[in-house]
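Single-letter residue listing:
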Amino acid sequence: MKSYDKLLLQNKAWAQEKGIEDITFFSRLAKQQNPEFLWIGCSDSRVPANEITGTDPGEIFVHRNIANLVIDTDLNLLSVLQYAVEALEVKHIIVCGHYGCGGVRAALSPVYLGLINKWIRKIQHVYVAHEDELKGIEHMDRKVDRLVELNVLTQCRDLAKTSIVQKSWHKRQYPYIHGWVYDIHDGLIRDLLQLVPGEADIHPIYKFDTNSWT
Ligand code: CO
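This report concerns the structure included in the present document. (Residues numbered from 1 in each chain as written. Predicted model: local features only at pLDDT ≥ 70, side-chain atom pairs only at ≥ 80, totals over all residues. Heavy atoms only, no water.)

**What to know about the overall build of the chain**
Reasoning step 1: Scanning the chain from terminus to terminus reveals 10 helices and 5 strands.
Reasoning step 2: For the chain, the spread of C-alpha atoms along the three principal axes comes to 55 × 50 × 30 Å.
Reasoning step 3: The burial tally for the chain puts 40% of its 214 residues in the buried class.
Reasoning step 4: Taking the intrachain contacts of the chain between residues at least 6 apart in sequence as the baseline, contacts between residues at least 24 apart amount to 64%.
Reasoning step 5: Carbon and sulfur atoms make up 54% of the accessible area of the chain, which amounts to about 12,700 Å² in all.
Reasoning step 6: Computed over 24 positive and 27 negative side-chain charges, the inter-centroid distance for the chain is 4 Å. (Helix = DSSP H or I, 4+ residues; strand = E, 2+ residues; numbered from the N terminus. Buried < 20%, exposed > 50% of the residue type's maximum accessible area, 1.4 Å probe, protein only. Contact = heavy atoms within 4.5 Å. Areas by Shrake-Rupley, 256 points an atom, 1.4 Å probe, with all protein chains shown as cover. Lys, Arg positive; Asp, Glu negative; His and termini not counted. Charge placed at Lys NZ, Arg CZ, Asp CG, Glu CD.)

Spelled out as structure tokens, the structure:
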């Protein structure tokens, strides 16, 4: 059997099982999605949003890219963010990084990787901003893991700088922004940060005048 045939076979078994567990599962979801969460995670195959949070289809709107970055000119991320916040009205945005992230490790390496170097440049900016702390960590794996954490915190604050989030905070006091890190060694998530609507510790230069929404 070809490897991809196995996936199709497993899909059949999964659909059957779901249908037996809950007879209205697919017909209900086919009508609409109503997720409470937007997940911004790493593309790493070891960190699947639904599986590690024990959630079902329909519960999490998902965006994944290398090293879970929030790039303020990334049309893909911004479109997902806008749809999740304005149309789906999610209550929570979760930025979930993971220890041992290859994208973060690559950002610390001088090796040329082509296009990927441009994508991970932002992680190098995070490194430079926290160089004093990171320089003091000699063990490479520990340095990577601390940069993983600092990277997540930075992406959370960068979400709070977007007009999409600030507009929604003003209008409906949602979404909350959560910074999490998943540990690939034990499968557990560490909760690092929660940004409450209107109370993000970002520089005032990034804050829009609330009167300009009207
Ligand atoms: Co990763």
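After presenting the structure, the write-up continues.
**Things to note about the coordination of the cobalt ion**
Reasoning step 1: Only Cys42 (SG), His98 (NE2) and Cys101 (SG) from the protein coordinate the cobalt ion, and they sit 2.0 to 2.3 Å from it.
Reasoning step 2: Between consecutive donors of the cobalt ion, the numbers of intervening residues give the motif C-x55-H-x2-C.
Reasoning step 3: By relative accessible area, histidine 98 is classed as buried at 1%. (Donors = N, O, S within 2.8 Å, 3.2 Å for Na, K, Ca; no water.)

**Quick notes on the packing of aromatic side chains**
Reasoning step 1: Overall, the coordinates contain 5 aromatic pairs when judged by the stated rule.
Reasoning step 2: Ring geometry for phenylalanine 25 versus phenylalanine 26: centroids 5.1 Å apart, planes at 85°, classification edge-to-face.
Reasoning step 3: Here tyrosine 174 and tyrosine 176 contribute two aromatic rings whose centre-to-centre distance is 5.6 Å and whose plane-to-plane angle is 45°, an arrangement assigned as tilted.
Reasoning step 4: Residue tyrosine 174 is classed as partly exposed on the basis of its relative accessible area of 27%.
Reasoning step 5: On the accessibility criterion, tyrosine 176 (25% relative accessible area) is partly exposed.
Reasoning step 6: Site record: aromatic cluster; members linked through ring pairs are Trp14, Phe25 and Phe26.
Reasoning step 7: One cation-aromatic arrangement involves lysine 18 over phenylalanine 25; the distance from NZ or CZ to the ring centre is 5.1 Å.
Reasoning step 8: The lysine or arginine in question, lysine 161, covers the ring of tyrosine 206, its NZ or CZ lying 4.2 Å from the ring centre. (Phe/Tyr/Trp six-rings, centres within 6.5 Å; stacked < 30°, edge-to-face > 60°. Lys NZ or Arg CZ within 6 Å of the ring centre and 35° of its normal.)

**Looking at the pairing of strand β3 (residues 92-98)**
Reasoning step 1: Judged by how many residues are buried, β3 sits mostly within the fold: 7 of 7 residues are covered.
Reasoning step 2: Neither face of β3 is exposed, since His92, Ile94, Cys96 and His98 on one face and Ile93, Val95 and Gly97 on the opposite face are all buried.
Reasoning step 3: Across 7 bridges, β3 lies against strand β4 (residues 176-182) in parallel orientation. Across the sheet, isoleucine 93 pairs through a bridge with isoleucine 177, a residue of β4. (Pairing = 2+ DSSP bridges.)

**Observations regarding the sheet that holds β4**
Reasoning step 1: Strand order in the open sheet formed by 5 strands is β2-β1-β3-β4-β5, with mixed pairing between adjacent strands. With partners counted over all chains shown, the strands left at the sheet margins are β2 (60-65) and β5 (189-195), one partner each. Between one strand axis and the next, the sheet turns by 20° as a mean value, whatever way the strands run.
Reasoning step 2: Across the face of the sheet, helix α4 (residues 75-87) comes into contact with β1 (37-42), β2 and β3 while running at roughly 170° to β2. (Axes fitted to C-alpha atoms, helices over the stretch in contact; angles between N-to-C directions.)

**Comments concerning the environment of cysteine 156**
Reasoning step 1: Along the polypeptide, cysteine 156 turns up in helix α9 (residues 140-160).
Reasoning step 2: Cysteine 156 sits 39 residues away from leucine 195 along the chain, and the two C-alpha atoms are 7.8 Å apart.
Reasoning step 3: Other than its neighbours up to four places away in sequence, cysteine 156 contacts Val95, Ile177, His178, Gly179, Leu193 and Leu195.

**With respect to the pattern of salt bridges**
Reasoning step 1: Scanning all chains against the criterion turns up 11 salt bridges.
Reasoning step 2: Glutamate 21 serves as the salt-bridge partner of lysine 18, at 3.7 Å between the closest nitrogen and oxygen. Taken together, the positions of lysine 18 and glutamate 21, both in helix α1 (residues 3-21) and 3 residues apart, correspond to about one turn of that helix.
Reasoning step 3: A salt bridge links lysine 161 to aspartate 158; the shortest N-O distance between them is 2.8 Å.
Reasoning step 4: Residue lysine 161 is classed as partly exposed on the basis of its relative accessible area, which comes to 25%.
Reasoning step 5: Looking at aspartate 158, the relative accessible area reads 14%, which means it is buried. (Salt bridge = Lys/Arg side-chain N within 4 Å of Asp/Glu carboxyl O.)

**Considerations on helix α10 (residues 163-172)**
Reasoning step 1: Turning to α10, its buried residues number three or more, namely Ile164, Val165, Gln166, Ser168, Trp169 and Arg172.
Reasoning step 2: Along its buried surface, α10 packs onto α4, β3, α9 and β4.
Reasoning step 3: Following α10 by one or two positions, glutamine 173 has its phi on the positive side, about 55°.

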